[in-house]
Amino acid sequence: MEKLRDCGLLIKQINDELRKNANNALRPQDMTLAQLDALVELDRAPDRQRSLKELEQILHVAQSTAAGIITRLEQKGLVEGLGDAGDRRIKLVRITQAGIECAHAALHHRAEAEEQLLSGLTETERDIFYTLLKKVRNSL
């Protein structure tokens, strides 16, 4: 009888552990992984700003969740909300200098976490692993 491989379960377990570790590491900065993801996306964006609707789509969250994330980041002074000059219905979000600094520090910690995640793999295995992960993601 062929042995069943539950890849989905393994991926979920890895994801759960990574999210738990990331949120624990961010807790002293009063930050969540979702907030950090929003900051990183804003830092990468043209003019370091995006519409709230774009953030919703990029982060794969509901409008109310995106609005809550941005509200909390605004309260911390890490982003600022703006109106679109051409269309008042559009809310733009721009990262502040404090948000940029927070995102860059967090990316450094993310790189360290990824190094730990991949520490058991050779450089060749890392390349293969990354290629396979992209292949699986693109098949969905």
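Residues numbered from 1 in each chain as written. Predicted model: local features only at pLDDT ≥ 70, side-chain atom pairs only at ≥ 80, totals over all residues. Heavy atoms only, no water.

By size, the foremost hydrophobic cluster in this structure holds 22 residues, and its most contacted members are Met31, Leu36, Leu39, Ile70, Leu73 and Val79. Only helix H2 (33–44), helix H3 (52–59), helix H4 (63–75), strand S3 (91–95) and helix H5 (97–117) provide two or more residues apiece to this core. At six residues, the largest contribution of residues to this core is made by H2. Those residues in contact with Val79, other than ones at most four positions away along the chain, are Leu39, Leu42, Ile70, Leu73, Glu74, Val93, Arg94, Ile95 and Thr96. (Core = buried A, V, L, I, M, F, W, Y, C linked by side-chain atoms within 4.5 Å. Buried < 20%, exposed > 50% of the residue type's maximum accessible area, 1.4 Å probe, protein only. Helix = DSSP H or I, 4+ residues; strand = E, 2+ residues; numbered from the N terminus. Contact = heavy atoms within 4.5 Å.)

Another aspect to go through is H2. For H2, built from 12 residues, the straight-helix expectation of 16 Å at 1.5 Å per residue is met to within 8% by its first-to-last C-alpha distance of 16 Å. Across the 12 residues of H2, nine count as buried, placing the element largely inside the fold. When we look at burial in H2, the residues that qualify are Leu33, Gln35, Leu36, Ala38, Leu39, Val40, Glu41, Leu42 and Asp43. (Expected span 1.5 Å × (residues − 1).)

Another aspect to go through is the sheet that holds strand S2 (residues 79–83). The three strands lie next to each other as S1-S3-S2, forming an open sheet whose pairing is antiparallel. The sheet is open, and its two borders are formed by strand S1 (49–51) and S2, each paired with just one other strand. Across this sheet, the average inter-strand angle for adjacent strands is 25°, counted without regard to direction. Where S2 and S3 come together, five bridges link them in antiparallel fashion. Bridge pairing links Glu80 to Arg94 in S3. Together, S1, S2 and S3 form the strand contacts of H2, whose direction differs from that of S3 by roughly 90°. With respect to the sheet, H3 is in contact with S1 and S3, its orientation differing from that of S1 by roughly 90°. (Pairing = 2+ DSSP bridges. Axes fitted to C-alpha atoms, helices over the stretch in contact; angles between N-to-C directions.)

A few words on unusual backbone geometry. One non-glycine residue with positive phi stands out, namely Arg48, at about 55°. With respect to the helices, strands and loops of the structure, Arg48 is situated in the loop between H2 and S1. Given a relative accessible area of 33%, Arg48 falls into the partly exposed group. For His60, which is not a glycine, the phi torsion comes out positive at approximately 55°. On the secondary structure map, His60 appears in the loop between H3 and H4.

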